[in-house]
Amino acid sequence: MSAQAGPQAPALVAGVDEAGRGPLAGPVYAAAVILQPARIPDGLDDSKRLTQELRATLVPRIEAAAEAWAVAWASHLEIDRLNVLQASMLAMRRAVLALRLTPTLALVDGNRCPDALPCIARAVVGGDGLEPAISAASILAKVARDREMQRLDGEHPQYGFARHKGYATAEHLAALERHGPCVIHRRSFAPVRALLADAPGAGRSDPLAP
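Rules used in this analysis
Residues numbered from 1 in each chain as written. Predicted model: local features only at pLDDT ≥ 70, side-chain atom pairs only at ≥ 80, totals over all residues. Heavy atoms only, no water. Helix = DSSP H or I, 4+ residues; strand = E, 2+ residues; numbered from the N terminus. Expected span 1.5 Å × (residues − 1). Buried < 20%, exposed > 50% of the residue type's maximum accessible area, 1.4 Å probe, protein only. Contact = heavy atoms within 4.5 Å. Polar contact = N/O pair within 3.5 Å; in protein donor to acceptor, adjacent residues only side chain to side chain. Pairing = 2+ DSSP bridges. Axes fitted to C-alpha atoms, helices over the stretch in contact; angles between N-to-C directions. Left-handed = near helix turned anticlockwise from the far one by under 90°. Nonpolar A, V, L, I, M, F, W, Y, C, P; charged D, E, K, R; others polar.

Undergrad: Explain helix H3 (residues 84-98) to me, and be specific about the residues and the numbers.
TA: Given a rise of 1.5 Å per residue, 15 residues ought to cover 21 Å, and the 21 Å separating the end C-alpha atoms of H3 matches this to within 8%. Among the residues of H3, those classed as buried are Val-84, Ala-87, Ser-88, Met-89, Leu-90, Ala-91, Met-92, Ala-95 and Val-96. Next to the buried residues of H3 lie strand S1 (13-19), strand S2 (28-35), strand S3 (66-74), helix H2 (76-82) and strand S4 (105-109). Between a side-chain oxygen at the N-terminus of H3 and the backbone nitrogen of Leu-85 the separation is 3.1 Å; the capping residue is Asn-83.

Undergrad: Quick rundown of helix H4 (residues 132-155)? Include the residues and the values.
TA: Here H4 spans 35 Å end to end across 24 residues, near enough to the 34 Å set by a 1.5 Å rise per residue. By the criterion of burial, H4 is predominantly enclosed, with 18 of the 24 residues buried.

Undergrad: I'd like to hear about the pairing of S1, residue by residue, with values.
TA: Summarising burial for S1: six of the seven residues are buried, a large majority. Of the strand pairs in this sheet, S1 and S4 are connected by four bridges, and their pairing is parallel. Considered in S4, the bridge of Val-16 is made with Val-108. Pairing of S1 with S2, which is carried by six bridges, proceeds in the antiparallel orientation.

Undergrad: Describe the packing of helix H1 (residues 52-65) against H4, and please don't skip the residues or the numbers.
TA: Two elements in contact, H1 and H4, have axes whose closest approach is 9 Å; the angle formed by their N-to-C orientations is 115 degrees. Handedness of the crossing formed by H1 with H4: left-handed. Along the contact surface, H1 presents Gln-52, Arg-55, Ala-56, Leu-58, Val-59, Ile-62 and Glu-63, while H4 presents Ala-136, Ile-139, Leu-140, Lys-142, Val-143, Asp-146 and Gln-150. Taken together, the residues that form the contact of H1 with H4 break down as eight nonpolar, two polar and four charged.

This is the structure we're talking about:
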């Protein structure tokens, strides 16, 4: 008589997303979230479609309802060294590895997945608006990065980071023209690189570069 297989452990599906690929300054953040299917919070969506207030309200609800969640980042220095796409992949891999549970499957927003994950991975184009776990990760990553940019605004108040979060707004570009780049600006991004190239003594090395 053949032995019966025991009950299979439930699949642990992690949603993974990043925030902050486009800004001219600061880190890129990522989050990974394993939601409990019976406790998915209402109101989840792509973080870009939600107001700042609603995102902030959803964060504690996501954290309380999740089987596991983690937030990670890659610094502006890693962005300049690796390029922003590879730094985003690194931040997402760090978030998955930081989960207290190892997922069975990672659903990653976009058209490619990080390398060296501890599980099967599948890219989902537009996943932050389709898969609740990716939506949750989108929200955690966005809120965490916004809070970090608000903190960095206290160190570099002349740029307005608390308002534009490092994106290339007219206010930010004007501040860059007035003050030049600060230590957290991404030197590999064209507007910052162009300012450094046009600066007096541009033939010398950037004094703020590592």
